[in-house]
Amino acid sequence: VLPARLFFEAVEQSSVAISITDTRANILYANPAFERVTGYGVAEVVGRNESILSDRHTPSLVYETLWGRLRQLKPWSGVLVNRRKDGSRYLAELNIAPVLDGQGQLSHYLGMHRDVTEMH
Ligand code: FAD
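Rules behind the numbers
- For every chain, the first residue of the written sequence is number 1, and numbering continues from 1 along that sequence.
- Local features are withheld for residues below a pLDDT of 70 in this predicted model, meaning they are given only at 70 or higher, and side-chain atom pairs are given and counted only at 80 or more; totals for whole chains, interfaces and linings count all residues.
- Water and hydrogen atoms were dropped before computing side-chain values, which therefore reflect all heavy atoms in the structure.
- What counts as a helix is a DSSP run of H or I of at least four residues, what counts as a strand is a run of E of at least two, and both are numbered from the N terminus.
- Polar contacts, as counted here, are pairs of nitrogen or oxygen atoms within 3.5 Å of one another; within protein the pair requires one atom able to donate a hydrogen and one able to accept it, and residues that are adjacent in sequence qualify only if both atoms are side-chain atoms.
- Here a residue-residue contact requires only that any non-hydrogen atoms of the pair lie within 4.5 Å.
- Whether two strands pair comes down to DSSP finding at least two bridges between them.
- A fitted line through C-alpha atoms serves as each axis, taken over the contacting stretch for helices, and the angle formed by two N-to-C directions is quoted from 0 to 180°.
- Any residue with at least one heavy atom within 4 Å of a molecule or strand is counted as near it.
- Per-residue and other accessible areas were derived by the Shrake-Rupley procedure at a 1.4 Å probe size, with only the shown protein chains allowed to occlude residues.
- Cavities and pockets are found on a 1 Å grid laid over the protein atoms alone: a cavity is a set of points where a 1.4 Å probe fits but cannot escape, a pocket is an open set with protein on both sides within 12 Å along at least five of seven lines, and a lining residue has an atom within 4 Å of such a point.
- To qualify as sitting in a cavity or pocket, a molecule needs more than half of its atoms within 2 Å of the grid points.

Details of the side chain of serine 14
- Locating serine 14 in the fold gives a position in the loop between helix H1 (4-13) and strand E1 (17-21).
- A polar atom in the side chain of serine 14 sits 3.0 Å from the backbone nitrogen of valine 16.
- Leaving out residues up to four positions away in the same chain, serine 14 has contacts with Asn31, Ala33 and Arg36.

Laid out in structure tokens, this is it:
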């Protein structure tokens, strides 16, 4: 059995920006790559909503589709325009997956994203 420590170190050292939220998208954990990509320090994002990354011009239909998938306990993937702490924008290739507890009930969300601005 792999130790929990190894899972933690693997996530901490991932080059993908990884965050774990409660069921309302409030951030509980963010890894160092999340800091590098978004410009927000881990200490300042914990407790805030993922919507701090929204660039405020994304059509609400995009978010409704995203939440529609999550409500069905299905993952959502897509490319969003995100805004860093300094206000600059970047293209985020984002994957959000529901995390279920032992009873199959929604407990958290796992968010993973990369800055793909240079690829477009
Ligand atoms: P919101 O007030 O969040 O609402 C937008 C729409 O979504 C509304 O129709 C609302 O009814 C619906 N909605 C919101 N919360 C819920 C909920 N808990 N259950 C059901 N429906 C809901 N957004 C980004 O822009 N960039 C990101 O990188 C990003 N990463 C995310 C990562 C994770 C793990 C999760 C769970 C969400 C992420 N989001 C991200 C979505 C983010 O939480 C916001 O919903 C989004 O940014 C829109 O914010 P808003 O304040 O404009 O609208």
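Here we look at the sheet that holds strand E3 (residues 76-83)
- One open sheet holds the five strands; their spatial order is E2-E1-E5-E4-E3, and the pairing between them is antiparallel. Strands with a single pairing partner mark the edges of an open sheet, and in this sheet they are strand E2 (27-30) and E3. Neighbouring strand axes in the sheet, compared pairwise and without regard to direction, differ in orientation by 30° on average.
- By the bridge criterion, five bridges tie E1 to strand E5 (residues 106-115) in an arrangement that is antiparallel. From the neighbouring strand, serine 19 faces E5, where its bridge partner is glycine 111.
- The strands touched by helix H4 (residues 60-71) are E3, strand E4 (89-100) and E5; relative to E3, the strand with the most contacts, the crossing angle is about 140°.

Considerations on the environment of alanine 17
- Take alanine 17: it is sitting in strand E1.
- Sequence separation of alanine 17 and arginine 114 is 97 residues, and the distance between their C-alpha atoms is 6.2 Å.

Some details on the pairing of E4
- Here E3 pairs with E4 via eight bridges, running antiparallel. Considered in E4, the bridge of arginine 83 is made with arginine 89.
- The antiparallel hairpin formed by E3 and E4 contains five residues in its connecting segment, where glycine 87 sits at a positive phi of about 95°.
- The sheet contact formed by E4 and E5 spans nine bridges and is antiparallel. Bridge pairing in E5 places proline 98 opposite tyrosine 109.
- Linking E4 to E5, which pair antiparallel, is a turn of five residues; within it glycine 104 sits at a positive phi near 80°.

Concerning the site of the ligand
- Around the ligand, 19 residues are found, and the nearest of them are Asn49, Tyr63, Trp67, Arg71 and Asn82.
- Arginine 71 places a polar side-chain atom, nitrogen or oxygen, 3.0 Å from a nitrogen atom of the ligand.
- In this structure, asparagine 82 approaches the ligand through a side-chain N or O atom, which is 2.8 Å from a nitrogen atom.
- For the ligand, the accessible surface in isolation is 930 Å², of which the surrounding protein chains cover 73%.
- The cavity that encloses the ligand is the largest pocket.
- With four residues, the single largest contributor to the shell around the ligand is H4.

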